[in-house]
Amino acid sequence: MLFGIYPFGHCDLFDICYLEFNLLHELGAPLWGEIKTWFSGPEYLLWEVILIIKELVVGPLMSNCFIFGCNKTKEAVVIDPGGDTDKILLSLADSNLKVKYIINTHGHFDHVSGNGKMKDATAADILIHPLDADMLGMLSSNAAIFGISVENSPPCDRTIEEGDKISFGEISLEVIHTPGHTPGGISLFTNGIVFVGDTLFAGSIGRTDFPGGDFDTLVASVQNKLFKMDDDVRVLSGHGPETTIDREKRFNPFVGQSS
Ligand SMILES: [Zn+2]
Ligand SMILES: [Zn+2]
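All of the points below concern the structure found in this document. All values reported here derive from a predicted model rather than from experimental measurement.

Quick notes on the rules
- Residues numbered from 1 in each chain as written.
- Chains lettered and ligands numbered in written order.
- Predicted model: local features only at pLDDT ≥ 70, side-chain atom pairs only at ≥ 80, totals over all residues.
- Helix = DSSP H or I, 4+ residues; strand = E, 2+ residues; numbered from the N terminus.
- Buried ≥ 20, exposed ≤ 12 C-beta atoms within 10 Å, placed from the backbone.
- Contact = placed C-beta atoms within 7 Å.
- Arc of directions from axis to C-beta.
- Pairing = 2+ DSSP bridges.
- Axes fitted to C-alpha atoms, helices over the stretch in contact; angles between N-to-C directions.

1. Observations regarding the overall build of the protein
And then number 1: Of regular secondary structure, the protein possesses eight helices and 18 strands.
And then number 2: Looking at the protein as a whole, 44% of its 259 residues qualify as buried.
And then number 3: Excluding contacts between residues fewer than 6 apart, the proportion of contacts in the protein whose partners are at least 24 apart in sequence is 55%.

Written out as structure tokens, the structure reads:
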């Protein structure tokens, strides 16, 4: 457990606060985290880090792989290990985390091509939506379009669908089916945070010109599901920087108010 004094801000007693990573990191916190406030005053907070989120850029298409862990129990999931598995394993070891599940937001090679090595190293179960499950056996042909060679993934251990809950440590992730980029694309939601894969990016959306992609379906997924979330929900995408629901609602040229 990690505690510290946060000397710059204020929030109400026993409120849940989200604090800036760089300020916390200077105080020794892991990369990002959800902060549970134990006691606060006008000039300080006493906090406890209960979530660990680590973002690693992996593979030839610079995909975002997320390590999402419970700091209390040290159980974690790895979302989209799209390559560079040694780097992911090192980062897990750095934070003393044990992987319970490998979750794929969709079946494209740049999000799943590290599944095999991750599973060999951790014995964690691979989870994916049933409509993308067959893609795990077609990675090499998918990657060949980009002139990249990769090994196929092992088959998934379990399929996950809309409304399913994935529990590890004290964290529960809800599965939201967000098709359009691929038929079995999913987003993963927990309090204040959503991992969206290639469905939505900061200022953009995922491509819909690959097999199984459909532009209208993708727009409906974003507008009817993701945009129904609270404005301040953090959006962690499969490529590029973090954004928020509010920012994309207002400024995204494909699915936002001005589209
Ligand atoms: Zn993709
Ligand atoms: Zn991608």
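2. Section: the environment of L97
And then number 1: Looking at the element boundaries, L97 is found in the loop between α2 (85-94) and β8 (98-103).
And then number 2: Expressed as a C-alpha distance, the spacing of L97 and A76, which sit 21 residues apart in the sequence, is 6.1 Å.

3. Concerning helix α7 (residues 215-224)
And then number 1: All of the buried residues in α7 are L218, S221 and V222. Along α7, the residues classed as buried sweep out an arc of 90° about the axis, all on the same side. Away from the buried face of α7 by more than 90 degrees, exposed residues D216 and N224 are located.
And then number 2: Tucked into the core, α7 has its buried residues touching β15 (200-201) and β16 (204-205).

4. Focus on the sheet that holds strand β7 (residues 75-79)
And then number 1: Strand order in the open sheet made by the six strands is β5-β6-β7-β8-β9-β10, with mixed pairing throughout. Looking at strand neighbours, the two that pair on one side only are β5 (51-58) and β10 (158-159), the edges of this open sheet.
And then number 2: Summarising the sheet, β8 and strand β9 (residues 125-128) pair through three bridges and their orientation is parallel. Residue Y101 lies in a different strand from β9, and its bridge partner there is D125.
And then number 3: Packing of helix α4 (residues 115-122) onto the sheet brings it into contact with β7, β8 and β9, and relative to β8 it is tilted by some 155°.

5. Re the sheet that holds strand β14 (residues 193-197)
And then number 1: Taken in spatial order, the six strands of this open sheet run β11-β12-β13-β14-β17-β18, and their pairing is mixed. A strand with exactly one partner marks an edge of an open sheet, and here the two such strands are β11 (165-168) and β18 (243-244).
And then number 2: Bridge count for β11 against strand β12 (residues 171-177) is four bridges, and the pairing is antiparallel. By the bridge assignment for β12, S167 is matched with S172.

6. Overview of the environment of H108
And then number 1: Mapped onto the fold, H108 is located in the loop between β8 and α3 (109-112).
And then number 2: Look at H108 and you get buried, because 27 C-beta atoms sit within 10 Å.
And then number 3: Expressed as a C-alpha distance, the spacing of H108 and H181, which sit 73 residues apart in the sequence, is 9.8 Å.

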